[in-house]
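Examining the three-dimensional arrangement
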Amino acid sequence: MTTVRELLFGDVVGGRAGEAADRVEQAAEQLVGVGALPAADEAPALTVARAFMTRVAQLLDVEVSDVLVGAWRTRSALLDAARRTHAAPGTSEQVVIKAYALPWEYETELDLVVNGRTLTTVTVLAQAELEVTALVATVAAGRLARLGGGDCRMTARLRVRGADPQADVQVAQGERTFAVPYEVKTGERGIPLIEQARDVPAQAPAPQAQTRTPA
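Residues numbered from 1 in each chain as written. Predicted model: local features only at pLDDT ≥ 70, side-chain atom pairs only at ≥ 80, totals over all residues. Heavy atoms only, no water.

**Here we look at the overall build of the chain**
Just so we agree on the cut-off: In this text, helices come from DSSP runs of H or I with a minimum length of four residues, and strands from runs of E with a minimum of two, each type numbered from the N-terminal end. Remark: exposure states derive from per-residue accessible area (1.4 Å probe, protein chains only) relative to the maximum for the residue type, with buried under 20%, exposed over 50%, and partly exposed in between. Only heavy atoms matter for contacts: two residues are in contact if any of them lie within 4.5 Å across the pair.
Along the chain, the regular secondary structure elements total six helices and seven strands. Helices and strands in the chain line up, N terminus first, as α-α-α-α-α-β-β-β-β-β-α-β-β. When burial is assessed residue by residue, the chain has 47% of its 215 residues classed as buried. Restricting the contact set of the chain to residue pairs at least 6 apart, pairs at least 24 apart contribute 69%.

**A look at the pairing of strand β3 (residues 143–148)**
Under the convention used in this document: By definition, two strands form a pair when at least two bridges between them are found by DSSP.
Across five bridges, the pairing between strand β2 (residues 117–140) and β3 is antiparallel. In the sheet register, A137 faces β3, and the bridge partner there is L147. Connecting β2 to the next strand, β3, in antiparallel fashion are two residues, including A141 with a positive phi near 55 degrees. Summarising the sheet, β3 and strand β6 (residues 191–192) pair through two bridges and their orientation is antiparallel. Looking at the pairing, R143 lines up with P192 of β6.

**Describing the nonpolar core**
Selection criterion: Think of a nonpolar core as a cluster: buried Ala, Val, Leu, Ile, Met, Phe, Trp, Tyr and Cys residues, connected wherever their side-chain atoms sit within 4.5 Å.
Core analysis: the largest hydrophobic core is formed by 66 residues, its most contacted members being F52, M53, L68, W72 and L158. The element contributing the most residues to this core is β2, with 10 residues. When near neighbours in sequence (up to four residues on either side) are disregarded, F52 contacts L31, L37, L110, L112, V122, V124 and V160.

**Side note on helix α3 (residues 45–59)**
Stated formally: Here a helix's expected span is defined as the number of its residues, less one, multiplied by 1.5 Å.
Taking 1.5 Å per residue as the helical rise, α3 with its 15 residues ought to reach 21 Å, and the 21 Å between its terminal C-alpha atoms agrees with that figure. Here α3 has its buried residues at V48, A49, F52, M53, V56 and A57. Looking at the buried positions of α3, the neighbouring elements they touch are α1 (4–9), α2 (19–34), β1 (92–114), β2, β4 (151–161) and β5 (168–179).

**Focus: the packing of aromatic side chains**
Quick note on the threshold: Each Phe, Tyr or Trp ring, with Trp reduced to its six-membered ring, pairs with another whose centre is within 6.5 Å; inter-plane angles below 30 degrees give stacked pairs, above 60 give edge-to-face pairs, and intermediate values give tilted ones.
The final tally for this structure, using the stated rule, is one aromatic pair. Residues W104 and Y106 carry aromatic rings whose centres are separated by 6.4 Å and whose planes lie at 10 degrees to one another, so their mutual orientation is stacked. Since its relative accessible area comes to 17%, W104 is described here as buried. According to the relative accessible area criterion, Y106 is partly exposed, its value standing at 26%.

**Topic: the side chain of E93**
The condition that has to hold: Polar contact is the term for a pair of N or O atoms within 3.5 Å; when the atoms are in protein, one must be able to donate a hydrogen and the other to accept it, and sequence-neighboring residues count only if both atoms are side-chain atoms.
Structurally, E93 can be placed in strand β1. Within the structure, E93 has its side chain in polar contact with the side chain of R84 (distance 2.8 Å).

**Looking at the environment of A134**
Structurally, A134 is set in strand β2. Residues A134 and V96 lie 38 residues apart in sequence; the distance between their C-alpha atoms is 7.1 Å. Dropping the residues within four chain positions of it, A134 is found in contact with I97, K98, G149 and G150.

Laid out in structure tokens, this is it:
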């Protein structure tokens, strides 16, 4: 499944030469160029920056499906349908979403440690926008039971902020369009959208209600 890391850096971060390794290297060179990371006597600046960016890439191994489902569980027409079908056992709803846009953000602070010595604390900020169109979903028993159709366009950016206010640089960006059913696998039991449905298996009878409301 596609991850935020793959969107920003490519499919492979380490282990062999390729696009992913090149993108990590380019990001490290940008950090060195703006002085986002302090100099260390123990290792060359680029070596330190490369190790730092590899760690950042690992932290962004977040599946796009988790981002989408997390958003649907927070606020969406799918969430409303999940509450209704859970309250009325044996019913299901088909939800048609013409367009659904959502932002996603991940921010963390990382200590830069070289040979056991902490040099500084660096802020990492990943941001993304996702736009889902023409999604058809079946919701039953509070769970996402089936997905039919639907595309998602996702754009992402990654910034690194050093201790110096001037050391703020965008080090990676990416964009990809994918089919939602390919990324979000409902499986036989479906995906619970509300807490009460986590232990209730989904059943998908013929839709008894239909919603055509943007999420």
